[in-house]
Amino acid sequence: MTKTVEFGKDLTGLEGLSLAQITTILDVAEPFKEISERPIKKVPVLRGKTIVNLFYEPSTRTRVSFEFAEKRLSADTVNISGSGSSIVKGESLVDTARNLEAMRIDMVVMRHGSSGAAQFLADRIPSNVINAGDGQHEHPTQGLLDMLTIRDHMGGIEGRRVCIVGDILHSRVARSNIYGLAKLGAEVAVCGPPTLIPHGIEDIGVTVFKRVEEAIEWAEVLNVLRLQLERMEAGYIPSLREYNRFFGISVARLERAPRDVLILHPGPMNRGVEIDSHVADGPHSVILRQVTNGVAIRMAVLYLLAGGSPERAEAAKMENRA
Amino acid sequence: MSRPILLQGGRIIDPSQKLDERLDLLLVDGRVAGIGQALEAPAGCEVLDVAGLIVAPGLVDLHVHLREPGDEHKETIASGARAAVAGGFTSVCAMPNTRPPIDDPAAVGFVRAQGEHAGFAHVYPVGAVSVGLKGEEMTEIGELGAAGAVAISDDGRPVWDSGLLSRALEYASAFDIPYFSHSEELGLSAKGVMNEGTISTSLGLRGIPNAAEDAAVARDCIIAELTGGQLHILHVSTRGAVEIVRAAKARGVRVTAEVTPHHLSLTDEAVRGYRTEAKMNPPLRAAADVSAVRDALVEGVIDCIATDHAPHHYEDKEREFDDAPFGVVGLETALGVCVRDLVVAGRLDLPELIDRLSCRPAKIAGLPAGTLAEGSPADVVVFDAEGRWTCQPEEFYSLSRNTPFAGQELVGRVVMTLVSGRTVHNRREDR
Ligand SMILES: [Zn+2]
């Protein structure tokens, strides 16, 4: 056995993680997958730990996934969401941080609209901070669950050709995928309207396709991003209809691909905009598998940041069967 | 009148007279009374031994934000003028983007009066170009000038209406009032918060492309050429803007330019970690831009150094990067940064640096400063060109601490500053 991989206090992004750390999280997620398949979906590994899910932006999907992960590990959880709660309303992030610290919280899972907010919080409180999406920066657990899903279906990630399609400029999912996949040895490309591709992205080792047909011809995996309606309103694209016509992932386009292409989407989907229903519901779509894996990945992250040892994850899973 | 002062044995550097020699300097009745060897001290004269130190015309900063009226918790005219003399500046030009803005003669008079009352650096008001800084209606530029404004600017924002800009430049030329331009094409900078490039992409922060500055500087130079008005480009940060200014100067356009110490010293790497103390507008740029603005300053394409001293309360900076305000303080670190990164680094010698921190900016704004010629105002900085010190913001005289240089070792330390023949800052006594 190689020496134990250590984790820091926080998970703010995949840019700062090593290959060994990422692989460890994916490996630890494997035994946790099985817990969700049991009739009694609970193990006591985080019993007595308090976790706050602090969501400044609404995201039912990510919050629920984290909450299931926390509950299945027996943690005590509190949800605070941006709209309407007094701890957040009108209070600065630094004051919220101080309040959380005063309440002796063990872990904070935070979704925030500003890039760097997770780092900001992590620098100011002793609790573990898990970034559940900060602005346009990173969404590390989404990146990890995407990688776990690709690994499940492709048998590995190294050397695989993955193209992220859509609004790369504003996407934290794209950044976490790019950093994580590159560390695991995948070839990463992006494709979308040039107005939604950040300048300088080639400098971080990413290929850019301007036409989705070229991307499909090249890729083994397409990670299709949600197109926010605001992008049209802000003038990045002229219309959703035109976006669908030139960048939408349709069966007709995929049929011209030289191979089967695995389809991921972080959800929620705009059917008929970035992805057609026949693709989303088709044989190569692993979109629901991503949702299932999301819970396992979040359990693995919570377990490891709480100090759980990677080697004992398999045993931890069995604890309540004694 | 204060006592005469004799500064004995210092190295006097006065580029306005091409002077760099070990000499004495005599100040009487608020004016320079003589420079020479072994000057005799008149009766009642205070004699100060400044051997081993540089004696130079007080530094001139064309670009500071003193926040009064309206944001006195960030800075007041008095605290800013005190910080100025601590940094060796004896004349500063206060930008009009206060609350309310300095857009009428009474407001100009207020800034002057507060400056005089404080009694530290001379505070010269800059008047607004447009009423309320709204970019719509021209201010009474002649009246502003008569009340004491030395320039006009809507700094913080560009004058985006080219028609208004051309009329203002044309009209102001009747009064020999320069226009200080914050050159930014807002449609290109959009909601950017840092330089656009690899680092903004990796941090997920919205970028401000170089083109936002380049396009605006080009337009401003073209309108200056059209009108014959006097254009001064504030805070040049891009290699493109340097080339545009160079070309305009070659065509004979009346344009000058300044660069800040932070744009001469730092790249957008300083933003990593979402450091709001490295957030300012224009943003810190790439290494190629930093070397271009340094070269331009050496060549004279960029005429002078100005701080864009922009104080902010710590609460405003202690927040999410997107929400933190733009701006850094600079008055108390400018000399230390410039000596370290320009003189010690071998790019400029001391007389050339003093030229760019004192003589040239004084000329651009037509201020009675930037020289120690006999009869000129006794505004003097005395500094230790080799003095190394660590930048500790808690020691600032400014009410704000938002500096990207905290903890850095700087070279060149102000020992004494005299304004109108009075010692207004003296490290030997203060701390
Ligand atoms: Zn400005």
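Every chain begins its residue count from 1, and numbering advances along the sequence as written. All chains are assigned letters beginning at A, and all ligands numbers beginning at 1, according to the order in which they are written. Where totals are concerned, whole chains, interfaces and linings use all residues; where local detail is concerned, this predicted model gives features only for residues with pLDDT of at least 70, and gives and counts side-chain atom pairs only at 80 or more. Derived side-chain values reflect all non-hydrogen atoms in the structure, with water molecules and hydrogen atoms excluded from consideration.

How do you make sense of the overall build of chain A when you look at a structure like this?
Numbering of helices and strands runs from the N terminus; a helix is a DSSP stretch of H or I covering at least four residues, while a strand is a stretch of E covering at least two. Along chain A, the regular secondary structure elements total 13 helices and 9 strands. We compute the radius of gyration from the C-alpha atoms alone; for a globule the expected value is 2.2 Å times N to the 0.38, where N is the number of residues. Rg of the C-alpha trace for chain A: 20 Å, near the compact-globule value of 20 Å for 322 residues, within the 12% margin. With the C-alpha coordinates aligned to their principal axes, the bounding extent of chain A is approximately 55 × 50 × 35 Å. For chain A, buried positions account for 56% of its 322 residues. Sequence-distant contacts in chain A: of pairs separated by 6 or more residues, those separated by 24 or more amount to 74%. Exposure was quantified through the Shrake-Rupley algorithm and a 1.4 Å probe, taking into account, for residues, occlusion by the shown protein chains and nothing else. Summing over all exposed atoms, chain A offers an accessible surface of approximately 13500 Å²; the carbon and sulfur share of this is 50%. Computing the positive centroid from 38 side-chain charges and the negative centroid from 40, chain A places the two 4 Å apart. Think of it in three bands: with a 1.4 Å probe and only protein chains considered, a residue is buried below 20% of the maximum accessible area for its type, exposed above 50%, and partly exposed in between. When checking whether two residues touch, look at their non-hydrogen atoms; a contact exists if any pair is within 4.5 Å. We score Asp and Glu as negative and Lys and Arg as positive, and we do not count His or the chain ends. Where a charge lies is defined by one atom per residue type: Lys uses NZ, Arg uses CZ, Asp uses CG and Glu uses CD.

I tried to follow the sheet that holds strand β4 (residues 128–134) of chain A on my own but got confused; where do I start?
Through backbone hydrogen bonds, the strands of a sheet pair up, either in parallel or in antiparallel fashion. Residue and element names in this part refer to chain A. Ordered in space as β2-β1-β3-β4, the 4 strands form an open sheet in which the pairing is parallel. At either margin of the open sheet sits one strand with a lone partner, and together these are β2 (76–81) and β4. The average undirected angle you get between the axes of adjacent strands in this sheet is 15 degrees. Taken together, the 5 bridges between strand β3 (residues 107–112) and β4 define a ladder with parallel strand orientation. The residue of β4 that forms the bridge with Val109 is Ile130. By the convention used here, strands pair only if DSSP detects at least 2 bridges between them. In this analysis, axes come from line fits to C-alpha atoms, helices being fitted only over the stretch in contact, and the angle between any two N-to-C directions falls in the range 0 to 180 degrees.

What is the right way to read unusual backbone geometry from this model?
Peptide bonds are trans in most cases, and residues, glycine excluded, mostly fall at negative phi. Here the residue pair Gly267 of chain A and Pro268 of chain A is connected by a cis peptide bond, since its omega of -10 degrees sits within 30 degrees of zero. Inspection of the secondary structure assignment puts Pro268 of chain A in the loop between β9 (262–264) and α11 (277–280). In this chain, Arg99 of chain B is followed by Pro100 of chain B through a cis amide linkage whose omega measures -5 degrees. In this fold, Pro100 of chain B is placed in the loop between β7 (89–94) and α2 (105–118). Positive phi, close to 50 degrees, is recorded for Lys18 of chain B, a residue that is not glycine. Within the secondary structure layout, Lys18 of chain B lies in the loop between β1 (5–14) and β2 (19–28). The phi torsion at Asp176 of chain B lies on the positive side, around 55 degrees, for a residue other than glycine. On the secondary structure map, Asp176 of chain B appears in the loop between α4 (162–172) and β10 (179–181).

Can you help me understand the nonpolar core in this one?
What tends to happen in soluble globular proteins is that the nonpolar side chains get buried as a cluster. Residues and elements named next belong to chain B. Ranked by size, the top nonpolar core spans 75 residues in total, and within it Ile302, Ile305, Leu353 and Phe383 carry the most contacts. Broken down by element, the residue count for this core peaks at 6 residues, all from helix α12 (residues 334–344). Apart from residues no more than four positions distant in its own chain, Phe383 is found in contact with Leu53, Ile54, Ala56, Leu335, Leu350, Ile354, Arg413, Val414 and Val415. Here, the term nonpolar core denotes a set of buried Ala, Val, Leu, Ile, Met, Phe, Trp, Tyr and Cys residues that are joined through side-chain atoms within 4.5 Å.

Could you clarify how one ought to interpret the domain arrangement of chain B in this entry?
How big an interface is tends to be stated in terms of the accessible area lost upon association of its parts. Residue and element names in this part refer to chain B. An automatic or database domain assignment supplies the start and end points of every domain. Looking at the assigned domains, one finds that chain B contains domain 1 (5–55 + 377–430) and domain 2 (58–365). When each unit is reduced to the centre of its C-alpha atoms, the spacing between domain 1 and domain 2 is 25 Å. The partner domain 2 presents 50 residues to the 38 residues of domain 1 that form the contact. Summing both sides of the interface, domain 1 and domain 2 together bury roughly 3300 Å²; the carbon and sulfur share of this comes to 66%. The term buried area refers to how much accessible surface (probe radius 1.4 Å) is lost by two components on association, counted for both of them together.

What am I meant to see in the coordination of the zinc ion here?
Ideal geometry at a metal gives 109.5 degrees between four tetrahedral donors and either 90 or 180 degrees between six octahedral ones. Residues and elements named next belong to chain B. For Na, K and Ca the donor cutoff is 3.2 Å, while for all other metals N, O and S atoms must lie within 2.8 Å; water is not among the atoms, so some sites may look incomplete. Only Asp155 (OD), His182 (ND1) and His235 (NE2) from the protein reach the zinc ion as donors, at distances of 1.9 to 2.3 Å. The sequence pattern formed by the donor residues of the zinc ion is D-x26-H-x52-H. One end of the pair, Asp155, is in the loop between β9 (151–152) and α4; the other, His235, is in the loop between β13 (231–233) and α8 (239–250), and 80 residues separate them in sequence.

Looking at this structure, I do not really get the environment of Lys42 of chain A. What am I missing?
All names here are of chain A. Topologically, Lys42 is positioned in the loop between α1 (19–35) and β1 (50–55). On the basis of relative accessible area, Lys42 is assigned to the partly exposed category, the value being 40%. A C-alpha to C-alpha distance of 25 Å links Lys42 and Val286, two positions 244 residues apart in sequence. Between N or O atoms, a polar contact is any pair within 3.5 Å; within protein, one atom must be a potential hydrogen donor and the other a potential acceptor, and residues adjacent in sequence are included only when both atoms are from side chains. A polar side-chain atom of Lys42 sits 3.4 Å from the main-chain carbonyl oxygen of Lys71.

Is there a simple way to explain the side chain of His262 of chain B in this structure?
Residues and elements named next belong to chain B. Note on placement: His262 falls in helix α9 (residues 261–265). According to the relative accessible area criterion, His262 is buried, its value standing at 3%. The residues touching His262, leaving out its near neighbours within four places in the chain, are Met280, Leu284, Thr307, Val328 and Phe405.

Sorry if this is basic, but what is going on with the environment of Lys134 of chain B here?
Residues and elements named next belong to chain B. Mapped onto the elements of the fold, Lys134 is located in the loop between β8 (122–127) and α3 (141–147). Classification of Lys134 by relative accessible area gives exposed; the value is 55%. As for Lys134 and Asp154, which are separated by 20 residues in sequence, their C-alpha atoms are 8.5 Å apart.

Is there a simple way to explain the sheet that holds strand β7 (residues 207–209) of chain A in this structure?
Residues and elements named next belong to chain A. Spatially, 5 strands are ordered β7-β6-β5-β8-β9 in an open sheet, and the strand pairing comes out parallel. Lying at the two open borders of the sheet, with one neighbouring strand each, are β7 and β9. Ignoring which end each strand starts from, the neighbouring axes of this sheet average 25 degrees apart. Bridge count between strand β6 (residues 187–191) and β7: 3 bridges; the pairing is parallel. Its bridge partner being in β7, Cys191 is matched across the sheet by Phe209.

What exactly am I supposed to notice about the pattern of salt bridges here?
Two side chains carrying opposite charge are able to pair once their charged atoms lie near each other. Residues and elements named next belong to chain A. Take a side-chain nitrogen of Lys or Arg and a carboxyl oxygen of Asp or Glu: if they are within 4 Å of each other, that pair is a salt bridge. Across all of its chains, the model carries 32 salt bridges over all chains by this definition. We note a salt bridge from Glu67 to Lys71, for which the minimum N-O separation is 2.9 Å. On the criterion of helical spacing, the pair formed by Glu67 and Lys71 is a turn pair, its members being 4 residues apart in helix α2 (residues 60–72). On the basis of relative accessibility, which here comes to 36%, the residue Lys71 falls in the partly exposed class. Each of Asp27, Glu30, Lys33, Arg151 and Asp152 takes part in one network of salt bridges that share partners.

What should I look at first to understand helix α7 (residues 210–227) of chain B in this one?
At 3.6 residues per turn, the α-helix brings residues three or four places apart onto the same side. Residue and element names in this part refer to chain B. In this analysis, the expected span of each helix is defined as 1.5 Å times one less than the number of residues it contains. Under the 1.5 Å per step criterion, the end-to-end length of α7 is 26 Å for 18 residues, consistent within 8% with the ideal 26 Å. Listed in full, the buried residues belonging to α7 are Asn210, Ala212, Glu213, Asp214, Ala216, Val217, Asp220, Cys221, Ile223, Ala224 and Thr227. Just beyond α7, the residue with positive phi is Gly228, at close to 75 degrees.

Can you walk me through the interface of chain B and chain A in this structure?
Chain B puts 17 residues into the contact, and the matching count from chain A is 23 residues. Of the roughly 1500 Å² buried at the junction of chain B and chain A (both faces included), carbon and sulfur atoms supply 48%. The largest share of the area that chain B buries against chain A comes from Thr201, Glu318 and Glu320 of chain B, three residues that together contribute 36% of it. Put simply, chain B and chain A have 1 salt bridge between them. Its salt-bridge partner being Glu318 of chain B, residue Arg124 of chain A comes within 3.0 Å of it at the nearest N-O pair. Seen at the junction of chain B and chain A, the total is 9 residue pairs in polar contact (both at pLDDT 80 or more).

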